[in-house]
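The chain contents come next:
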Amino acid sequence: MFYYSDSQLDQWLMDDIALGDLTTRCMGIGSKPGRMAYSYRQTTRTSGVEVAARLLRKCGLNVEQLVEDGQDVEAGTTLILADGRADQLHSGWKVTQNIMEWSGGVATYMARMLEAARAVNPALHIACTRKSIPGTKTLANAAVVHGGGIIHRGGTAETILLFANHRCFTDSPADFAAHIAKLKSAAPEKKVIVEADTMDEAKEALKARPDVLQLDKFTPADIEAMVKMAADSAPGCLISMAGGLNKDNIADYARTGAHLAVTSAPYYAKPVDVKVRMEKR
């Protein structure tokens, strides 16, 4: 379950319907009873359905949610039925459609990327970064998980990830052993992830035995070499790969034997197409 505050739901509605639907008002049809049905136009990994149902209820509609988030559903499958007045239906229509289309696109991309990766490496996990599109974080995190992925970092205080941009403020930026020792002493309950930008940095970091060594923009060949090196010299260290990974190239990276892939690609997936049909009751 993912939590959406009432203030967040209200803001999504306020962005669109604070002044009501002018067309419905001018047509004089607001009080007429009707029904609204949602379905996908293509096979989709569902996401955003639960939050859409909550938004429709906030519009005063009677709502029946027919599928759960995180399922693969065929085109034409009815997702939600909503009954109420025409003005209520039109108030909830577009904001919920937009959320379901974007969230479904992210979840479906994530699911297909994971399928491509695990066809090659069944043990590989794919995590999405904290670089979600501004304003979409709550929906994005849920969509990634609904697609079968995991969250790399929910925020800067959740995990330790040592970047070059941290090391540059120290007196000895290349002293990975000192940095890792300091981090483990200061936050003993946390795992220490270290990012390397070159093979030389990766080799030095590996000597200090971080919990996770993240390789940024490495070639598959270099990642494979580091996986073998870690298995020999730091068997407790997991290898993570990041930078430019997407649905089209993930199979090549999965073959390296790395333990984790880190990506932002699902956030920019093409939205799915949600059909919304209204009828008078």
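Whatever comes next refers back to the structure up there.
Keep in mind that this is a model prediction, so the values were computed, not measured.

What counts and how
- Once a new chain begins, its residue numbering starts again from 1 and follows that chain's sequence as written.
- Reporting of local features is limited, given that this is a predicted model, to residues whose pLDDT is at least 70; pairs of side-chain atoms are given and counted only at 80 or more, and all residues count toward the totals for whole chains, interfaces and linings.
- Calculated side-chain values reflect all of the structure's heavy atoms, with hydrogen atoms and water omitted.
- Each helix is a run of DSSP H or I of at least 4 residues and each strand a run of E of at least 2, with the numbering of both proceeding from the N terminus.
- Each residue's exposure class comes from its accessible area (1.4 Å probe, protein chains only) as a fraction of the maximum for that residue type: buried when under 20%, exposed when over 50%, partly exposed otherwise.
- Contacts: residue pairs with any heavy atoms within 4.5 Å of one another.
- The method behind every accessible area is Shrake-Rupley, applied with a 1.4 Å probe, and residues are considered shielded solely by the protein chains displayed.
- By the counting rule applied here, Lys and Arg register as positive and Asp and Glu as negative, while His and the ends of each chain are not counted.
- Note that the charge is assigned to NZ on lysines, CZ on arginines, CG on aspartates and CD on glutamates.
- Side-chain atoms within 4.5 Å are what join buried Ala, Val, Leu, Ile, Met, Phe, Trp, Tyr and Cys residues into a set we call a nonpolar core.
- Here, a salt bridge means any Lys or Arg side-chain nitrogen found within 4 Å of an Asp or Glu carboxyl oxygen.
- The rule for pairing is simple: two strands pair if DSSP sees at least two bridges between them.
- Between N-to-C directions, angles span 0 to 180 degrees; the directions come from axes that are lines fitted to C-alpha atoms, helices contributing only their stretch in contact.
- The span one expects for a helix is its residue count, reduced by one, times 1.5 Å.
- Taking the helix axis as origin, the arc is that swept by the directions to the C-beta atoms.
- Centres within 6.5 Å make a pair out of two Phe, Tyr or Trp rings, where for Trp the six-membered ring is used; the pair is then stacked when the planes are under 30 degrees apart, edge-to-face when over 60, and tilted otherwise.
- Throughout, disulfides are identified as pairs of cysteine sulfur atoms within 2.5 Å of each other.

A. Structural view of the overall build of the protein chain. Along its length, the protein chain carries ten helices and 13 strands. Across its three principal axes, the protein chain shows a C-alpha extent of roughly 75 × 40 × 25 Å. Counting across all 281 residues of the protein chain, residues that qualify as buried make up 47%. Taking the intrachain contacts of the protein chain between residues at least 6 apart in sequence as the baseline, contacts between residues at least 24 apart amount to 70%. In the form shown here, the protein chain has an accessible surface area of approximately 13800 Å², with 52% of it arising from carbon and sulfur atoms. A gap of 4 Å separates the mean positions of the 33 positive and 33 negative side-chain charges of the protein chain.

B. The environment of Met 226, seen in detail. Looking at the secondary structure, you find Met 226 in helix 9 (residues 220–233). In sequence terms Met 226 and Leu 215 are eleven residues apart; their C-alpha atoms lie 8.9 Å from each other. Discounting chain neighbours no more than four positions away, the residues touching Met 226 are Met 199, Ala 202, Lys 203, Leu 206, Leu 213, Leu 215 and Ile 239.

C. Main features of the environment of Asp 222. In this structure, Asp 222 sits in helix 9. Relative accessible area serves as the criterion here: at 29%, Asp 222 is assigned to the partly exposed category. With 34 residues separating them along the chain, Asp 222 and Thr 256 place their C-alpha atoms 8.7 Å apart.

D. The nonpolar core, seen in detail. Ranked by internal contacts, the top residues of the largest apolar core, which has 76 residues, are Trp 12, Tyr 38, Ile 80, Leu 213 and Leu 215. Considering each element in turn, this core owes the most residues, twelve residues, to helix 4 (residues 86–118).

E. Seen up close, the pattern of salt bridges. Throughout the structure, instances matching the rule amount to 15 salt bridges. For Arg 35, the salt bridge identified is with Asp 83, shortest N-O distance 2.9 Å. Highlighted residues: Arg 35 in strand 1 (residues 33–40) and Asp 83 in strand 5 (residues 78–85), separated in sequence by 48 residues. Taking the shortest distance from any N to any O, the salt bridge between Arg 45 and Asp 72 comes out at 2.9 Å. With Arg 45 in strand 2 (residues 44–45) and Asp 72 in strand 4 (residues 72–73), this residue pair connects regions lying 27 residues apart in the sequence. Exposure remark for Arg 45: the relative accessible area of 13% places this residue in the buried category. One connected set of salt bridges, linked through shared partners, spans Asp 6, Asp 10, Arg 54 and Lys 58.

F. Region of interest: the sheet that holds strand 3 (residues 62–65). Reading across the sheet, the four strands line up as 3-5-1-13 and stay open at both edges, with antiparallel pairing between neighbours. The sheet terminates laterally at strand 3 and strand 13 (274–280), the two strands that pair on one side only. The average angle at which neighbouring strand axes cross in this sheet is 15 degrees, direction not considered. Sheet topology places strand 3 next to strand 5; four bridges connect them, and they run antiparallel. Its bridge partner lying in strand 5, Asn 62 is registered against Asp 83.

G. Examining helix 1 (residues 6–17) more closely. With twelve residues, helix 1 should cover 16 Å at 1.5 Å per step; its first-to-last C-alpha distance of 16 Å lies within 8% of that length. Along helix 1, the residues that are buried comprise Leu 9, Trp 12 and Leu 13. For helix 1, the arc enclosing every buried residue in end-on projection is 90 degrees, short of the 170-degree limit, so these residues lie on one face. Seen from the buried face of helix 1, the exposed residues on the opposite side, beyond 90 degrees, are Ser 7, Met 14 and Asp 15. Residues of helix 1 that are buried sit in contact with helix 3 (49–58), helix 4 and helix 5 (137–146).

H. Quick peek at the packing of aromatic side chains. Applying the stated criterion to the full structure yields one aromatic pair. With 6.2 Å between their ring centres and 55 degrees between their planes, Tyr 4 and Trp 12 make a pair best called tilted. Its relative accessible area of 8% is what places Tyr 4 among the buried residues.

I. Broad picture of the sheet that holds strand 12 (residues 260–263). Strands sit in the order 7-6-12-11-10-9-8 across an open sheet of seven strands; the sheet is parallel. Only two strands of the sheet have a single neighbouring strand rather than two, namely strand 7 (150–151) and strand 8 (160–162). With respect to the sheet, helix 7 (residues 176–186) is in contact with strand 8 and strand 9 (192–196), its orientation differing from that of strand 9 by roughly 155 degrees.

J. Seen up close, the state of the cysteines. Using the criterion set out here, one finds zero disulfides in the structure. Between Cys 59, a free cysteine, and Cys 26, which holds the nearest cysteine sulfur, the sulfur-to-sulfur gap is 19 Å.

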